[in-house]
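As a plain string of letters, each chain reads:
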Amino acid sequence: MPTPQTPDDRDVPTVDAPADAPADAAGRVVLDARDISRVLTRISHEILERNKGPQDLVLLGIPTRGVGLARRIAARIAATEGVEVPVGALDVTFYRDDLRQQPTRGPQRTQVPPGGIDGRTVVLVDDVLFSGRTVRAALDAMNDLGRPEVVRLAVLVDRGHRQLPIRADHVGKNLPSARTERVMVRLEELDGRDEVRIAGPGEER
Amino acid sequence: MTEPAPRPVLVRGASLLGERTADLLLRDGVVAEVGERGSLAAGDARVVDADGLVALPGLVDLHTHLREPGREDAETVLTGSRAAAAGGFTAVLAMANTSPVTDTAEAAERVLDLGRAAGLVDVQPVGAVTHGLAGEELAELGLMARSRARVRVFSDDGRCVANARVMRRALEYVKAFGGVVSQHAQDPDLAGPASCCHEGELSGRLGLPGWPGVAEEVIVARDVMLARHAGSRVHVAHASTAGTVEVLRWARAQGIAVTAEVTPHHLLLTTDLLSGYDPTFKVNPPLRPDEDVEALRAALADGTIDAVATDHAPHARHDKEHAFVDAAFGMVGLETALPVVATTMVATGRMTWADVARTMSTTPAAIAGLAGHGAALVVGAPANLTLVDPTATRVVDRDASVSRSRNNPWHGRELTGAVRATVLRGRPTLLDGELVDPAVG
Amino acid sequence: MRRHLLSVDDVDADEIAALLATATEMHDVQRRQVKKLPALRGRTVINLFFEDSTRTRSSFEIAGKWLSADTVNITGKGSSASKGESLRDTVRTIAAMGVDALVIRHGASGSAQQVAQWVDASVVNAGDGTHEHPSQALLDAYTLQQRMGPLEGRHVVLVGDLTHSRVFRSNVKCLTKLGAEVTAVAPPTLMPSGVEAWSREAGFATSYDLDEVLPKADAVMMLRVQRERMAGGYFPSAREYTVGYGLTRDRLDVLGPDVPICHPGPMNRGLEIAADAADAAQSLVLDQVSAGVAVRMAILYHLLAGEDS
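Residues numbered from 1 in each chain as written. Chains lettered and ligands numbered in written order. Predicted model: local features only at pLDDT ≥ 70, side-chain atom pairs only at ≥ 80, totals over all residues.

(A) Molecular detail of the interface of chain B and chain C. Tallying the contact residues gives 18 residues for chain B and 23 residues for chain C. Element by element, the count of residues in the side of chain B that touches chain C is highest for helix H5 (residues 201-206) of chain B, at five residues. Among the residues making up the side of chain B that touches chain C, the classes are represented as six nonpolar, seven polar and five charged. (Contact = placed C-beta atoms within 7 Å. Helix = DSSP H or I, 4+ residues; strand = E, 2+ residues; numbered from the N terminus. Nonpolar A, V, L, I, M, F, W, Y, C, P; charged D, E, K, R; others polar.)

(B) Region of the structure containing the nonpolar core. Formed by 301 residues in total, the largest nonpolar core has its most connected members in Leu59(A), Ala55(B), Leu102(C), Ala141(C), Leu158(C), Val220(C) and Leu300(C). At 11 residues, helix H12 (residues 285-304) of chain C tops the list of elements feeding residues into this core. Ignoring anything within four residues of it in the chain, the contact list for Ala55(B) reads Val11(B), Ala14(B), Ser15(B), Leu16(B), Leu24(B), Ala50(B), Leu377(B), Leu385(B) and Leu387(B). (Core = buried A, V, L, I, M, F, W, Y, C linked by C-beta atoms within 7 Å. Buried ≥ 20, exposed ≤ 12 C-beta atoms within 10 Å, placed from the backbone.)

(C) Representation of unusual backbone geometry within the structure. Put simply, Ser99(B) and Pro100(B) share a cis peptide bond, and its omega is 5°. Looking at the element boundaries, Pro100(B) is found in the loop between strand E7 (89-94) and helix H2 (105-118). In the segment running from Asn284(B) into Pro285(B), the intervening peptide bond is cis, with an omega of -5°. By the element assignment, Pro285(B) lies in the loop between helix H8 (264-268) and helix H9 (290-302). You will see that His161(A), though not glycine, has its phi angle at about 65°, which is positive. Position of His161(A) relative to the elements: it lies in the loop between strand E5 (150-158) and strand E6 (170-174). Here His161(A) falls in the partly exposed class, since 17 other C-beta atoms lie within 10 Å of it. For His238(B), which is not glycine, the phi dihedral falls at a positive 25°. Along the chain, His238(B) turns up in the loop between strand E13 (234-236) and helix H7 (242-253).

(D) How the structure looks around the sheet that holds strand E6 (residues 59-64) of chain B. Residues and elements named next belong to chain B. Read from one edge to the other, the open sheet built from three strands follows the order E6-E7-E8, with strand pairing classed as parallel. The sheet is open, and its two borders are formed by E6 and strand E8 (122-125), each paired with just one other strand. The average angle at which neighbouring strand axes cross in this sheet is 20°, direction not considered. Bridge count for E6 against E7 is four bridges, and the pairing is parallel. Residue Leu59 lies in a different strand from E7, and its bridge partner there is Phe89. Across the face of the sheet, H2 comes into contact with E7 and E8 while running at roughly 170° to E8. (Pairing = 2+ DSSP bridges. Axes fitted to C-alpha atoms, helices over the stretch in contact; angles between N-to-C directions.)

(E) Looking closely at the sheet that holds strand E8 (residues 195-199) of chain A. Residue and element names in this part refer to chain A. If you walk across this open sheet you meet the three strands as E1-E8-E7, and the pairing is antiparallel. The open sheet is flanked by strand E1 (28-31) and strand E7 (182-186), the only strands paired with a single partner. Mean inter-strand twist for the sheet, computed between neighbouring axes without regard to direction, equals 30°. Bridge count between E1 and E8: three bridges; the pairing is antiparallel. Bridge pairing in E8 links Val29 to Arg197.

(F) Inspection of the interface of chain A and chain C at higher detail. Each partner contributes to the interface: chain A provides 19 residues, whereas chain C provides 22 residues. Looking at the side of chain A that touches chain C residue by residue, the class counts come to nine nonpolar, six polar and four charged.

(G) Fine view of the confidence of the model for chain B. Predicted confidence across chain B gives a mean pLDDT of 96, with 98% of residues reaching 70 or more. For this predicted complex, the interface score ipTM comes out at 0.94, while the overall pTM is 0.92. (pLDDT = per-residue confidence, 0-100.)

(H) View of the environment of Arg88(C). Residue and element names in this part refer to chain C. Looking at where Arg88 falls in the secondary structure, it is placed in helix H3 (residues 87-95). Residue classification places Arg88 among the buried residues on the basis of 20 C-beta atoms within 10 Å. For the pair Arg88 and Ser111, spaced 23 residues apart in sequence, the C-alpha separation works out to 9.9 Å.

(I) Expanded view of helix H7 (residues 195-202) of chain C. All names here are of chain C. Restricting attention to buried positions, one finds in H7 the residues Val195, Trp198 and Ser199. Relative to the axis of H7, the buried residues are bounded by an arc of 95° and lie together on one face. Exposed residues pointing more than 90 degrees away from the buried face of H7 are listed as Glu196, Arg200 and Glu201. The positive-phi residue at the C-terminal boundary of H7 is Gly203, with phi of around 80°. (Arc of directions from axis to C-beta.)

(J) Spotlight on the domain arrangement of chain B. Residue and element names in this part refer to chain B. The domains assigned to chain B are domain 1 (9-55 + 380-435) and domain 2 (58-368). Taken together, the contacts link 31 residues of domain 1 with 42 residues of domain 2. Among the secondary structure elements, those contributing two or more residues to the side of domain 1 that touches domain 2 are strand E16 (385-395), strand E17 (414-424) and strand E18 (427-431). Here the side of domain 1 that touches domain 2 gets eight residues from one element, more than from any other, and that element is E17. Here the residues of the side of domain 1 that touches domain 2 sort into 16 nonpolar, 12 polar and three charged. (Domains from an automatic or database assignment.)

(K) Up close: the pairing of strand E8 (residues 219-222) of chain C. Residue and element names in this part refer to chain C. Burial of the side chains of E8 extends over both faces: Ala219 and Met221 are buried on one face and Val220 and Met222 on the other. Bridge count for strand E5 (residues 155-159) against E8 is four bridges, and the pairing is parallel. Bridge pairing in E8 places Leu158 opposite Met221. Of the pairings in the sheet, the one linking E8 to strand E9 (residues 261-262) comprises two bridges and is parallel in character. Paired with Val220 across the bridge in E9 is Ile261.

Right under this line is the structure:
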């Protein structure tokens, strides 16, 4: 039996984009902790503004880092509105279109909040939007879990190079990048600090 | 059947039983002259350079399955004879479990005639003990004995003569013509038809039906007592356990007329080979653990076990390509018997070449009552001999076999000792390791 | 050639942990309204069952279907040997149809291992004779873990016809790999031959005395005892077996209410397990069946979802 891999980066949709396991200092910082905090606050406000309040909202983070981001957004909404928005996790492994291109990947947890997603406004939260394939898989996965009224997408970084007709509703930062560059998102709860880096293909990991 | 007188053969410089070097002139089917090395003139004889080779009396196999009639897709008397000649044998006893069974005089004569037609080795039929190997009524033992085939060895091999009354009567009856019953010792209540793995830790782990050593030992013990009671002779086919050796030792000390054979595979291969469920290693009785193998080697060396017999059991490929418990029992062995004995017993210093001659020729010929075989290589003796290169090593390749079947457990294994030539009544059947077709030779 | 699951020997502790983690996700899928994942779309799984087994076969079939694989069931009564066709020919013929996985159940020990040498497809052993039943052991471990947490250091007692049990052979390997302490209990006639040496090497205990072992059990796994074994002289009567080795009402009281009870099924109620025990709150029998699908989904997913190697 093969050992499944559990990569910590879920937005590596194309073969030419190497999986990220970066060394500390590779590339340059494009968002630091303060930037990330400001950006998430803005996104939180945008979500509320767009939804005209916190009612019927459900935040679904895409593992791994999308879940942490979703929690932070929920915390900001709670601080602003005094309402606990349900947060869940939506793993897309089983729905990826590149399963057969790589060794078997083990899934991560999917957790739908107790109220479910039927009729809700679901905001999918991910760290990096790249080809759009992860989001496509997430939409399929959600389809098997229920029928939301509205689905929106919030991402910390949009680095371009879309391969599918998908766009984000809420973007932390648009980050022009070369296809071969790597974008690495780190979050305090997983990586010990908050930052977003971009590194060239040849740079030390 | 009369054979045209073959061209004389001069065997130059062979080491007789590994003891002294001599020239042998073989003429008119007998050893015509024996002389110092280089002393005999070739004349019109074909000269066989035997420098460095050991000369043994032609090997005799007490236990061969030639499959004809019935399973000619696995082996025929002709293809089996080729394998025998290639293995250094000049006589083989063809077991009775063919289809139809060799349980009549006519069936025995047919096998005899097929052997003569092949002309590579003396094929001596073994007669069934019971009709159809069913273990119930005696086969026509006397008629087989009186037939042209002169059957003297009777066996239901493949099955045990399990019923003590039947076994007793058979032992008594064959006394009339100096016959012997060769028993496949397997108590069917202790080791049934599905039993296929030595019962022990491995069978427990693998979940294979166990074949306990005691299933053999209780029959051997019973049969030596029956032989004593009947005043007859019993032969134990393919002895496989230390317990059997103990019983044999005791029985001999009592003066009971018991003889026994061991197969080459039980001298070298062990039960752990079954761990991959490869039916190539499925044989009856099963491969045993090291302790049994060691006891068998010791018993062969000290004479408790009289003979090596191949239990050559060719099978068509598809009969081995079943799940392990469903696959056929048996492995080929004629072509590898001598190298296995050389490797396990001679190269290890446990036996001399004289011992090999005793256990693979002289004694088996005596047990089977084959007058023309097993004689020492002296003037006037039948010119049946085998030349062995004692130091040659080779890796067994099952596809190089002349047997029709490929169920070869030795494939890929390096063995010491190679048969270079075989001579049957003065005519070479194997020269320089190549078969000599009698039609041409 | 792809990899196989022929024996618990094929997976180490980490791989078992990964499989069971995936099974947890699969178990969630099983509770959803839409019980379907696209992960094995376009893959073909053949359930080749030479032996009757409604439970295992349907479990694998559902597992394959919920992963969107095309599943086909082929059942063959008796051995192919009796029909004149060799097992090799049978499985190569089926594999030649272009299958990705063969889930095989056969009455002969070692058959799955042999088949794996003959075909290019992944082979999953769904029970080979009295040898192994690895998916059963994995689902048993999963079920116990769900109830008890990690099995490390926990004492699991296996009771029954050990010599004829592939569930026993797979479970003893799986449980010891997960760090559990295992005691195997049976009358001497139903102990596998050579179990003394085997247990010493593999690190499990054996006992003939259930009542001595039971008070120390953290979990009990009862194994099926076939009544036909009496004919083989393995035990004198059903009544005597039950008195010696059955999980009776009295023994249930000794066990206490928190010790889980497993049985791979089908159960002989009244023989190896009393109805009171089979239906007790601590009985995991139905949890095992439910976990069976999730664990088999995990097995098929791990074998088939990734790239062809």
